[in-house]
Amino acid sequence: MREKGMEIISVSDSEQSRLACSFVPLESGTIFHYDTSFDQKTRKDLENEGIEIISFHPDALLAGGGSLRCHTLRLCRKKIKN
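Since the structure is predicted, the reported quantities are computational estimates derived from the model, not experimental observations.

A word on the layout of surface pockets
Logical step 1: Estimates place the volume of the largest pocket at around 490 Å³.
Logical step 2: Taken together, 20 residues line the largest pocket, and the ones lying closest to its centre are E7, I8, I9, F23 and L46.
Logical step 3: Among the secondary structure elements, those contributing two or more residues to the lining of the largest pocket are β1 (24–27), β2 (30–34) and α2 (40–48).
Logical step 4: Of the residues belonging to the lining of the largest pocket, the class tally is 13 nonpolar, 4 polar and 3 charged.

Regarding α2
Logical step 1: Within the span of α2, buried status applies to T42, R43 and L46. Considered in projection along α2, the buried side chains sweep an arc of 100° and stay on one side of the axis. What points out from α2, more than 90 degrees from its buried face, is the exposed set Q40, K41 and N48.
Logical step 2: If you follow the buried residues of α2, they end up packed against α1 (13–17) and β3 (52–56).
Logical step 3: One or two positions beyond α2, positive phi appears at G50, with a value near 85°.

Conventions adopted
- Every chain is numbered on its own, with residues counted from 1 as its sequence reads.
- For this predicted model, a pLDDT threshold of at least 70 governs which residues receive local features, and a threshold of 80 or more governs which side-chain atom pairs are given and counted, while totals over whole chains, interfaces and linings are taken from all residues.
- Excluded from the side-chain calculations are hydrogens and water; all other atoms, namely the structure's heavy atoms, are used.
- Points on a 1 Å grid over protein atoms alone make up a cavity when a 1.4 Å probe fits among them but cannot get out, and a pocket when they form an open set with protein on both sides within 12 Å along at least five of seven lines; lining residues each have an atom within 4 Å of a point.
- Grid points are joined across faces, edges and corners, and a volume is the space filled by probe spheres set on the points.
- Numbering of helices and strands starts at the N terminus; helices are DSSP runs of H or I of at least 4 residues and strands are runs of E of at least 2.
- Charged means Asp, Glu, Lys or Arg here, nonpolar means Ala, Val, Leu, Ile, Met, Phe, Trp, Tyr, Cys or Pro, and polar covers whatever is left, Gly included.
- Whether a residue is buried, partly exposed or exposed follows from its accessible area with a 1.4 Å probe, protein chains only, as a fraction of its type maximum: under 20%, in between, or over 50%, in that order.
- What the arc describes is the spread of directions from the helix axis to the C-beta atoms.
- Residue contacts are defined here by distance: any two heavy atoms, one from each residue, within 4.5 Å place the two residues in contact.

Here it is in C-alpha cells:
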C-alpha cells in the first residue's frame, strides 16, 4: 500500500480487538465506524489526514446479532409476482 502512495495509520492491539479495522468507507475521506473502536490518538491521526469519521455506538446493532456488514447489504424492494 505504501508503494501506491497510501498513508498507513497503525492501530493498537486494544483497538484491533475493538474492531478498529472494520469500518465502512462511504466516500473518499469519510468512514462509518463504531464510536468505541479508536483511541483518541488514532482518531486524531485520522482527522489530521482529513478523514471524517461518522461514528455510532454498536450496542443496538450488536444486540440484534448484526455487524457493520449489515449496513452494506442491499435490500430488494421489488414486488414478486405469483
